[in-house]
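# Inside the fold
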Amino acid sequence: MSARDADTGEPPAKQRAINPVVPTKHPWNLPAQIPLLHCSCRPEDQVLVIPREANMPIDAETRKVVARVSQAVVSVVSFDVDGDRLYKASGFIIDFDKSSMIGTIISSATVNIHDPAFPDVEKINIYLFDGVSYDATIIACDHHWNLLVLSVLFDRVVKTMKFVEINESRTARDAYHGIAMLQPHSTRYKLCPGDTIIGLGRQSQEPFGLQANRGIYSVERWADLPKICQEMLRATFINTFTAIGGPAINKKGNVIGMLFHSMSFTPFLPSNIILKWWDYFKTTGKYCRPMISFVGYNLHVARSSRWVNVPTSLHEGLDGILVEMVSRELLSAGLQEKDLIIRCNGKRVTTNLQLFEVLVENIAKTVEVTIVKAENCNTQSIYLPVEEAIEKCFYQ
């Protein structure tokens, strides 16, 4: 139900036809509030330097793209039993049924945290671009992927955003073929290094303005710590906490992921995972968390690892997922550090996202994994169980 003034029946903010884009304020060269990882004791190293060029200008083309989809971007706020605000994030409408007037919203599970140090979440509201608020019902909340799905009964027709699955590429897009972003005979979007990514978020208070940040896709590893969502991808722009849960979109305005937050770039959860997770939940009523108990990255990205020394001669001329850490159970099955995973159930895999797409079809089953052994470069197949990960601490 819409939140309206009891006396006038008017919404809390004036209806307006425009959707203002507000500037994102970034604290350049932040003094570190906590010791930085791998930081020395020198004073100059206790400053987190944020490159000003990280956020590219919002040019005319970007503004046109943003204008087409901006009204589907919402603010999401949780409240305690006394009506005080607890947590806020952004979200985006992915479906709307005109017959029932019910919309479905994807957002971040950070607005539904159960923390003993804070009051419990009593309700969640969403705010549209004009400040009108609606009560939301939680349909799914998974802290493993930090995904929240809300259902909202609207009193008007609302705009939606379209997902598109992606195929990662390590090769920059050919300028001549730059307009051919959808792969031939495929509905997937080929995401190449240097491709434009736009991050959107919505303020939760007047003027309920839209935050838009523009950067490019980077194939660099996004986390300096192991065991943190290896499937995440990386955009070079820097967003704010307000935009967590908002959409990452391409130049066509299609959603390619959901935004998280970091101090020097923006990680995002790929659309492939969100879509498969949501389909799995609608079919089974369960959350989709397939995993094999190891940590690894694409071979070329893994060379930047701080905890595994990867000689440039290792697996030269090959591509795949380099195993950086492995559980005892998988050690006994024949998987070792610095082995290179090149196939799973016969499908070529070079990234964690590609591996996820095989595993999600084989939850609670055994998969055949083809590896190149580090010690002798021999190729062999081993059989590994696909487990369901327990809920883990999410990354904002």
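Residues numbered from 1 in each chain as written. Predicted model: local features only at pLDDT ≥ 70, side-chain atom pairs only at ≥ 80, totals over all residues. Heavy atoms only, no water.

With an unreviewed UniProt entry as reference, the protein is termed PDZ domain-containing protein, source organism Oryza sativa subsp. indica.

### Focus: the confidence of the model for the protein
Interpreting fine coordinate detail is not advised for predicted regions of low pLDDT. Formally: Per residue, pLDDT measures the predictor's confidence, with a range of 0 to 100. Every residue pair with non-hydrogen atoms within 4.5 Å of one another is taken to be in contact.
Summarising the model, the protein shows a mean pLDDT of 83, and 79% of its residues fall at 70 or more. Every residue in residues 27-50 scores below 50 in pLDDT, and together they form 28 contacts with partners more than four places removed in sequence or on other chains. Confidence drops under a pLDDT of 50 for residues 175-180, and excluding neighbours within four residues, the segment shows two contacts in the predicted structure.

### A short note on the packing of aromatic side chains
Put simply, the rule reads: Pairs were defined over the aromatic rings of Phe, Tyr and Trp, the Trp ring being its six-membered one, requiring ring centres within 6.5 Å. Orientation was assigned from the angle between planes: stacked under 30 degrees, edge-to-face over 60, tilted for the rest. Runs of E in the DSSP output that reach at least two residues are strands. Runs of H or I that reach at least four are helices, and both are numbered from the N terminus. Under the scheme applied here, a residue whose accessible area is under 20% of the maximum for its type counts as buried, over 50% as exposed, and between as partly exposed, the area being computed with a 1.4 Å probe on protein chains only. We call a charge positioned above a ring when the Lys NZ or Arg CZ atom is no farther than 6 Å from the ring centre and deviates by at most 35 degrees from the ring normal.
Taken as a whole and judged by the stated rule, the model has 11 aromatic pairs. Taken together, a centroid distance of 6.3 Å and an interplanar angle of 65 degrees make the contact between Tyr 87 and Phe 118 edge-to-face. Highlighted residues: Tyr 87 in strand S6 (residues 85-97) and Phe 118 in the loop between strand S7 (102-108) and strand S8 (123-127), separated in sequence by 31 residues. Take Tyr 87: its relative accessible area is 16%, and that puts it in the buried class. Each ring, one from Trp 277 and one from Trp 278, has its centre 6.3 Å from the other, and the planes form 25 degrees; the classification is stacked. Pair check on accessibility: Trp 277 and Trp 278 agree, each one buried. Taken together, the ring pairs connect Trp 277, Trp 278, Phe 281 and Tyr 287 into an aromatic cluster. For Lys 123, the ring lying beneath its charged end belongs to Phe 79, and the centroid distance is 5.4 Å.

### A closer look at the pattern of salt bridges
As a reminder, the rule being used: Counted as salt bridges are all cases of a side-chain nitrogen of Lys or Arg within 4 Å of a carboxyl oxygen of Asp or Glu.
Under the defined criterion, the tally for this structure stands at 10 salt bridges. Here Arg 188 ties to Glu 165 by a salt bridge, and the two come within 3.7 Å at their closest N and O atoms. Taken together, the residues Arg 188 in the loop between strand S11 (166-168) and strand S12 (189-191) and Glu 165 in the loop between strand S10 (147-153) and S11 connect sequence positions 23 residues apart. Taking the shortest distance from any N to any O, the salt bridge between Lys 276 and Glu 357 comes out at 3.4 Å. Here Lys 276 is found in helix H2 (residues 271-284), whereas its partner Glu 357 is found in helix H5 (residues 352-359), with 81 residues between them in sequence. We classify Lys 276 as buried; its relative accessible area is 17%. Its relative accessible area of 15% is what places Glu 357 among the buried residues.

### With respect to helix H1 (residues 60-69)
Basically, it comes down to this: The directions considered for the arc run from the helix axis to the C-beta atoms.
Among the residues making up H1, those that are buried are Thr 62, Val 65, Val 66 and Val 69. The arc enclosing the buried residues of H1, seen along the axis, measures out at 95 degrees, which places them on a common side. Projecting away from the buried face of H1 at angles above 90 degrees are the exposed residues Ala 60, Lys 64, Ala 67 and Arg 68. Buried residues in H1 make contact with strand S5 (73-79), strand S13 (196-202), strand S14 (210-218) and strand S16 (247-249).

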